[in-house]
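Coordinate analysis (summary)
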Amino acid sequence: MTSPTIHLVCAARPNFMKIAPLYHALKNETWCVPEIVHTGQHYDYQMSQAFFDDFGLPPAHHYLGVGSGTHAEQTAKTMLAYEALCLAKGNPDLIIVVGDVNATMACSIVGKKLHLKVAHLEAGLRSFDRTMPEEINRIVTDVISDYHWTPSEDANENLLKEGISKEKISFVGNIMIDTYCMMRPKIFAAESYKQFGFRSKQYAVLTLHRPNNVDNATNIREIMNALQQVDMSFIFPVHPRTKKKLDELSVLPSNIQTTEPLSYIDFMSLVENSAYIITDSGGIQEETTYLGIPCFTLRTTTERPITVTMGSNQLVTVDNILEKLRSPKHGSVPPLWDGKTAGRMIPLIKDLI
Ligand code: UD1
C-alpha cells in the first residue's frame, strides 16, 4: 500500500517560510509522502528560488506556472491548474494551504470541490478590512477548510465567532518562528548589514508592497516625504510591485538606499541588526515581535493584533510616524512562538490521515 500523500501548497514569498519547517518535519515520517505544490505566483529568482535554496527545500514536486495577473486571472488560473494536477496525478489525502495569498483560497476551493480534506495553517487571522485581498482569502479559506491551525488565541476567538466548531481548531503556534529558529545560525553568521556599509543598530529597514501604500502615487510620495525628515539611514529591499511605481516617480530621498529583494538569510540578518523597521508586511510584524525589534507598521489595521498588544509592533500613519518613531517598543514573545510548531502539528496530521 502506498503512503498517504500530503500537498503543501505555496505560491508567493511569505508562503515558503511557512511550508519549509513542515516539509522538513514530514519528510522524516514513514507514514506519509509530503509533496510541495508551487503555484508560481512569485517566480523571480529572488522572490522564490532564493528561499528554496536558503531552506534546503527540494525543487517543487509540482510547479503550476501561474504567474502574475489580476486577482480573478491569478485565482482562476491557479484553480484550473491545481484541479488538473489533482485529477491527473491522483487526489492527495490531505491538502495543507498556508497564509492568505490568492493560492491559499484557490487551492482550498479546488480541494473542497473534489471532496478532499483541506487544512489551513495560520487560520483565523482577521484585519476586519475587507478592502484587503488577503482578508477575502482568509475568510473564504477558513469557511470551507476542515481543519484550522492557528498562531495565536485571538485567531481561535475569531473562528469561534464565525461559527467554526471548536474540534476543528488547534492552536499550534507560529510556524514562521520555527523557520527563524531553524535558520538562526546562518542568519547570525551573515552580518549582511556590512555589505551595505552599515554598523549594527545604526540603520533601519524599510519594506513596502501593500497596494494601498504603493499603487497610489500620492500615498507613496507622502511616505517618502515623511521618511526624508527622519535622522536615520534606511535600507529598502524593493518588492517588484513597488519597483514599478518607484521607477515611474522620482521620489526616493537620499537617506534611503534601495536594493533588490533579498534572500531570507540576508533579510533576517538585516532585520536582526537594525535599530527598527518600518513595513506594511504581515510576516515582518511577527518576526520583529519575536526578536524584540521595534516595528512601525504603515497600515490602519493588522490581522496580527498580538504583535501590537504583546509585541514590539505599532500601527502608524504618514501623519504620526515621526512622533511614533520617538517611542519604540520592544514587547514580549507571544505563547507558542517557540520554534516547535511543526513538531506539534505532526501528531495532529497523523490523526487526520
Ligand atoms: C502577494 C500576496 C500578498 C503578499 C505578497 C508578498 C495576494 C493577494 N497577495 O502580493 O499577500 O504579502 O505577495 O510579496 O496573493 N512580480 C514580479 N515577480 C515576481 C512576483 C511578482 O515581477 O516574482 C510583480 C508582477 O508584476 C506582479 C506584481 O509584482 O504583477 C505583484 O505580484 P502579485 O503576486 O500579484 O502580488 P504581491 O503584491 O506580490
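A brief look at the structure comes next. Here the structure is a predicted model, which means the values were calculated and not measured.

Right, let's talk about helix H10 (residues 240–248) for a bit. Within the sequence span of H10, burial applies to Thr-242, Lys-245 and Leu-246. Looking straight down H10, one finds its buried side chains confined to an arc of 100°; they lie on one side. In H10, the exposed residues that point more than 90 degrees away from the buried face are Lys-244, Asp-247 and Glu-248. Where the residues of H10 are buried, they touch helix H8 (211–214), helix H9 (217–228) and strand S9 (233–237).

It is worth spelling out the sheet that holds strand S8 (residues 203–206) at this point. Spatial ordering of the open sheet is given by S10-S9-S8-S11-S12-S13, a layout of six strands whose pairing is parallel. Either end of the sheet is taken by a strand with one partner, and the two such strands are strand S10 (256–259) and strand S13 (313–315). Averaged over all pairs of adjacent strands, the angle between their axes in this sheet comes to 25°, without regard to strand direction. Alignment of S8 against S9, held across three bridges, turns out to be parallel. Residue pairing across strands places Val-205 opposite Ile-235, the latter belonging to S9. Sheet contacts for helix H11 (residues 264–272): S8, S9 and strand S11 (276–279); angle to S8, the most-contacted strand, approximately 135°.

Let's shift gears to the nonpolar core. Residues Ile-96, Trp-149 and Ile-349 are the most contacted members of the largest nonpolar core, which totals 56 residues. Here the element with the most residues in this core is helix H1 (residues 13–27); it accounts for seven residues. If sequence neighbours within four positions are ignored, Ile-96 has contacts with Ile-6, His-7, Leu-8, Val-9, Leu-22, Ala-119, Leu-121, Trp-149 and Ile-349. Counting 25 residues, the second largest nonpolar core, distinct from the first, contains Leu-208, Ala-226, Met-232 and Tyr-276.

Within the secondary structure, Ile-95 is located in strand S4 (residues 94–98). Using a relative accessible area of 0% as the deciding quantity, one classes Ile-95 as buried. Along the backbone, Ile-95 and Pro-185 are 90 residues apart, and their C-alpha atoms lie at a distance of 31 Å. With residues near it in sequence (within four places) discarded, Ile-95 still touches His-7, Val-9, Tyr-82, Gly-111, Leu-116, Lys-117, Val-118 and Ala-119.

Next up on the list: the sheet that holds strand S3 (residues 62–63). Pairing in this open sheet of seven strands is parallel, and the strands run S3-S2-S1-S4-S5-S6-S7 from one edge to the other. The sheet terminates laterally at S3 and strand S7 (169–171), the two strands that pair on one side only. In this structure, S4 lies alongside strand S5 (residues 118–121), joined through four bridges in parallel fashion. Bridging from a neighbouring strand, Val-97 pairs with His-120 of S5. Helix H6 (residues 153–161) contacts strand S6 (147–150) and S7 of the sheet and is inclined by roughly 170° relative to S7.

Moving on, we get to the layout of surface pockets. Considering only enclosed or pocket space, the largest pocket measures out at about 1200 Å³ in volume. Surrounding the largest pocket, 47 residues form its lining, His-42, Met-47, His-209, His-239 and Arg-241 being those nearest its centre. For the lining of the largest pocket, the secondary-structure elements that each account for two or more residues are H1, helix H3 (71–89), helix H5 (133–144), H10, H11 and helix H12 (283–291). Of the residues belonging to the lining of the largest pocket, the class tally is 20 nonpolar, 15 polar and 12 charged. Roughly 400 Å³ of internal volume is contained in the second largest pocket. Contributing to the lining of the second largest pocket are 19 residues, with Asn-212, Asn-213, Leu-298, Arg-299 and Thr-300 lying nearest its centre. For the lining of the second largest pocket, the residue count by class is seven nonpolar, seven polar and five charged.

Definitions and limits used
- Here the residue numbers are simple positions, counted from 1 along each chain's written sequence.
- Under the rules for a predicted model, residues below a pLDDT of 70 receive no local features and side-chain atom pairs below 80 are neither given nor counted, while totals for whole chains, interfaces and linings still include all residues.
- The side-chain numbers reported here are obtained from all heavy atoms of the structure, hydrogens and water having been left aside.
- Buried means the residue's accessible area, taken with a 1.4 Å probe over protein chains only, is under 20% of the maximum for its type, while exposed means over 50%, and partly exposed covers the values in between.
- Numbered from the N terminus, helices here are DSSP runs of H or I no shorter than four residues, and strands are runs of E no shorter than two.
- What the arc describes is the spread of directions from the helix axis to the C-beta atoms.
- What makes two residues a contact is simply this: any of their non-hydrogen atoms within 4.5 Å.
- Think of it this way: DSSP has to see at least two bridges between two strands before they count as a pair.
- For helices, the fitted line uses only the C-alpha atoms of the stretch in contact; every axis is such a line through C-alpha atoms, and the angle between N-to-C directions lies from 0 to 180 degrees.
- Here, nonpolar core means buried Ala, Val, Leu, Ile, Met, Phe, Trp, Tyr and Cys residues that are tied together by side-chain atoms lying within 4.5 Å of each other.
- Cavities and pockets were defined on a 1 Å grid built over protein atoms only: a cavity is a set of grid points that admits a 1.4 Å probe from which the probe cannot escape, a pocket is an open set flanked by protein on both sides within 12 Å along at least five of seven lines, and lining residues are those with an atom within 4 Å of any such point.
- Grid points are joined across faces, edges and corners, and a volume is the space filled by probe spheres set on the points.
- Note on residue categories: nonpolar means Ala, Val, Leu, Ile, Met, Phe, Trp, Tyr, Cys or Pro, charged means Asp, Glu, Lys or Arg, and polar means any other residue, Gly included.

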